[in-house]
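# Analysis of the macromolecular model
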Amino acid sequence: MQKIIKNLMPLCLMLSIPISNIIYVMLNNANRGTHSLVTDLDQGVPFLKIFILPYLSWYFFIFGTLTFFCFKDKKIYYRTLLSINLGLLISYGIYFFFQTNVPRLDIVGNDFLTMLIAFVYNNDQPFNAFPSIHVLLSFLMIKAINKYPAKNYLNVTVVYITAILIILATQFIKQHVILDLLSSIILGGLIFDLVFHVNIEGLRAWLKEPYLWSMMKKRSEI
């Protein structure tokens, strides 16, 4: 219980993800015009409704993995969360200036999996696709577990398999096209590597140096 209380404030930082989702909802429309990124390869990707299950598991996967890092390694937790928020903001900027549209199939049937897909289609417009946030955040979890010093066969396998299934699901239930997937992986890799290569502790110490503030004060007086 003491450990949970101690981590309560860091865990609350994850609220930044659903809060930023407000921007996602505001941009999820065709008001600014749309572009199609569908290729011949996309036309050949089969529709496999069973993949709606890993697709929906994304929410539990992302927050569950972040919670794991919060308790096990704060450095990875904070930097991964920062990578996520930077990735989301960049994605929203792309949606604003370059909105895409993913054509969807007509859903026929009343079985459980079909109803789940219909639920997703009805509650998420076919826009805000390039890059894919599902792929972006899933790939960041792979990058994070690779950085985890205490990684082992079990946690690496769980993260990799779950993330890969979710990434494939974006294609097999026709939520995204291949270019959405590729752009997300490239963006996620660049952001994650940048965040983890920046010496945040050194930057924080540098900003606290008294001479820095005295210099800034002198310049403002000139």
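Refer to the preceding data block for the structure.
Model, not experiment: these values are computed from the prediction. (Residues numbered from 1 in each chain as written. Predicted model: local features only at pLDDT ≥ 70, side-chain atom pairs only at ≥ 80, totals over all residues. Heavy atoms only, no water.)

### A look at the packing of helix 6 (residues 58-72) against helix 9 (residues 133-147)
Where helix 6 contacts helix 9, the axes come no closer than 11 Å and their chain directions differ by 30°. Taken as axis vectors, helix 6 and helix 9 run roughly parallel relative to one another. The hand of the helix 6/helix 9 crossing is left-handed. From helix 6, W58, Y59, F61, I62, T65, L66 and F69 reach across to helix 9, where they touch I133, H134, L137, S138, M141, A144 and I145. Within the contact of helix 6 with helix 9, the residues separate by chemical class into 11 nonpolar, three polar and no charged. (Axes fitted to C-alpha atoms, helices over the stretch in contact; angles between N-to-C directions. Helix = DSSP H or I, 4+ residues; strand = E, 2+ residues; numbered from the N terminus. Parallel < 35°, antiparallel > 145°, perpendicular 65-115°, else oblique. Left-handed = near helix turned anticlockwise from the far one by under 90°. Contact = heavy atoms within 4.5 Å. Nonpolar A, V, L, I, M, F, W, Y, C, P; charged D, E, K, R; others polar.)

### Considerations on the packing of aromatic side chains
Tallying each qualifying case throughout the model produces 11 aromatic pairs. Measuring from centroid to centroid gives 5.5 Å for F68 and Y148, while their planes differ by 80°, and the two rings are edge-to-face. Here F68 is found in helix 6, whereas its partner Y148 is found in the loop between helix 9 and helix 10 (153-172), with 80 residues between them in sequence. Under the relative-accessibility criterion, F68 is labelled partly exposed at 30%. With a relative accessible area of 6%, Y148 lands in the buried category. Summarising the aromatic geometry, the rings of F192 and F196 are spaced 4.2 Å apart at their centres and angled 25° between planes, so their arrangement reads as stacked. Residue F192 and its partner F196 are both found in helix 11 (residues 178-197); the two are separated by four residues, about one turn of the helix. Look at F196 and you get buried, because its relative accessible area is 14%. (Phe/Tyr/Trp six-rings, centres within 6.5 Å; stacked < 30°, edge-to-face > 60°. Buried < 20%, exposed > 50% of the residue type's maximum accessible area, 1.4 Å probe, protein only.)

### Re the side chain of S138
Structurally, S138 is set in helix 9. Of note is the side chain of S138, whose polar atom sits 2.7 Å from the backbone oxygen of H134. Other than its neighbours up to four places away in sequence, S138 contacts W58, F61, I62, A163, I166 and I167. (Polar contact = N/O pair within 3.5 Å; in protein donor to acceptor, adjacent residues only side chain to side chain.)

### Things to note about the layout of surface pockets
Taken as a whole, the largest pocket holds about 580 Å³ of empty space. In this structure, the largest pocket is lined by 28 residues; those nearest its centre are N21, Y24, Y59, D124 and H134. At the level of secondary structure, the elements contributing two or more residues to the lining of the largest pocket comprise helix 3 (16-27), helix 5 (52-56), helix 6, helix 7 (74-97), helix 8 (112-123) and helix 9. In terms of residue class, the lining of the largest pocket is made up of 17 nonpolar, nine polar and two charged. Its volume calculated, the second largest pocket comes out at about 190 Å³. (1 Å grid on protein atoms, 1.4 Å probe; cavity = no way out; pocket = protein on both sides within 12 Å on 5 of 7 lines; lining within 4 Å. Points joined across faces, edges and corners; volume = space filled by probe spheres on them.)

### So, unusual backbone geometry
A cis amide bond links F130 to the next residue, P131, at an omega of 0°. Mapped onto the secondary structure, P131 falls in the loop between helix 8 and helix 9. The backbone of N128 sits at a positive phi, close to 50°, despite the residue not being glycine. Along the polypeptide, N128 turns up in the loop between helix 8 and helix 9. Assessed through its relative accessible area of 2%, N128 is described here as buried. You will see that K174, though not glycine, has its phi angle at about 65°, which is positive. The topology assignment puts K174 in the loop between helix 10 and helix 11.

Geometric values such as these leave the question of function open.
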